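# Secondary and tertiary structure notes
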Amino acid sequence: LIRSRSNQRAACSTDDLEVVAGRAATLQRFAAEGWTLTGIAWRPEVADATASREQIADVFARMQEQLGVAIDIRYCSHAGGPPVCWCRKPLPGIGVEFIRRYRLDPSRCRYVGNGPQDPGFARRLGFEYRDADAFFG
């Protein structure tokens, strides 16, 4: 949904945030139809102290403003390397959290992603996977 204007791994400040063109209308349509919108991200910049939790929260708040939809976003803030937590993909922890919080039926969920770990993550949770470019295209 977003990228870094300065070509960093991720936007970690509101000044560096760029919403990918063409995403807002699709998300607004799904929100209007009653879909629950959730998001998952990885922000190891918190672990290495190059960004604060407050900066990350500001980025996600600004993203939602620009997209014109509310999205419940959770992120893993643990450092790189092999996952040592339940919250970083491909581990399903945050997805399970969303299923429980919103009482979701996984067979009716769509997971939209663009990373190599995303299809397996969706499959582990029982979600239908959609490639972001195709979904928003």
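Provided above is the structure to which this section pertains.
Residues numbered from 1 in each chain as written. Predicted model: local features only at pLDDT ≥ 70, side-chain atom pairs only at ≥ 80, totals over all residues. Heavy atoms only, no water.

### A short note on the overall build of the chain
- Per the secondary structure count, the chain includes five helices and six strands.
- Counting helices and strands in the order they occur from the N terminus, the chain gives β-β-α-β-α-β-α-β-α-β-α.
- Computed over its C-alpha atoms, the radius of gyration of the chain comes to 15 Å, within 12% of the 14 Å expected for a compact globule of 137 residues.
- In terms of overall dimensions, the chain has a C-alpha envelope of 40 × 35 × 25 Å along the principal axes.
- Across the 137 residues that make up the chain, the buried fraction comes to 40%.
- On the chain, roughly 8,000 Å² of surface is accessible, and the fraction owed to carbon and sulfur atoms is 48%.
- Side chains of the chain carry 19 positive and 16 negative charges; the gap between the two charge centres is 6 Å. (Helix = DSSP H or I, 4+ residues; strand = E, 2+ residues; numbered from the N terminus. Rg over C-alpha atoms; globule rule 2.2 N^0.38 Å. Buried < 20%, exposed > 50% of the residue type's maximum accessible area, 1.4 Å probe, protein only. Areas by Shrake-Rupley, 256 points an atom, 1.4 Å probe, with all protein chains shown as cover. Lys, Arg positive; Asp, Glu negative; His and termini not counted. Charge placed at Lys NZ, Arg CZ, Asp CG, Glu CD.)

### Things to note about the pairing of strand β3 (residues 38-42)
- In β3, alternate side chains face the same way, and those of G39 and A41 are buried while those of T38, I40 and W42 on the opposite face are not.
- Across five bridges, β3 lies against strand β4 (residues 72-76) in parallel orientation. Bridged to A41 within β4 is Y75. (Pairing = 2+ DSSP bridges.)

### Re the pairing of β4
- By the criterion of burial, β4 is predominantly enclosed, with four of the five residues buried.
- Assessed by its sense of winding, the connection that carries the chain from β3 through helix α2 (residues 53-67) to β4 is right-handed. (Right-handed = clockwise from strand over helix to strand, strands pointing away.)

### Focus on unusual backbone geometry
- In this model, K89 is joined to P90 through a cis peptide bond whose omega is 15°.
- With respect to the helices, strands and loops of the structure, P90 is situated in the loop between β4 and α3 (93-102).

### Concerning the packing of aromatic side chains
- Per the counting criterion, the structure on display carries seven aromatic pairs.
- Three or more aromatic residues joined by ring pairs make a cluster, and in this case those are F30, W35, F135 and F136.
- If you follow R88 out to its NZ or CZ, it ends over the ring of W42, 4.6 Å from the centre. (Phe/Tyr/Trp six-rings, centres within 6.5 Å; stacked < 30°, edge-to-face > 60°. Lys NZ or Arg CZ within 6 Å of the ring centre and 35° of its normal.)

### Details of the nonpolar core
- By size, the foremost hydrophobic cluster in this structure holds 23 residues, and its most contacted members are I2, L27, I56, F60, M63, L67 and I71.
- Listing elements by their share of this core, those giving two or more residues are β2 (17-19), α1 (23-32), α2, β4 and α5 (132-136).
- It is α2 that contributes the most residues to this core, five residues altogether.
- Setting aside residues no more than four positions away along its own chain, L67 makes contact with L1, V19, R23, A24, L27 and Q28. (Core = buried A, V, L, I, M, F, W, Y, C linked by side-chain atoms within 4.5 Å. Contact = heavy atoms within 4.5 Å.)

### Let's talk about the side chain of D16
- Assignment of secondary structure puts D16 in the loop between β1 (2-4) and β2.
- Engagement of the side chain of D16 in a polar contact is seen with the backbone nitrogen of S6, the distance being 2.8 Å.
- In contact with D16, not counting residues within four places along its chain, are R3, S4, R5, S6, Q8, A10 and A11. (Polar contact = N/O pair within 3.5 Å; in protein donor to acceptor, adjacent residues only side chain to side chain.)

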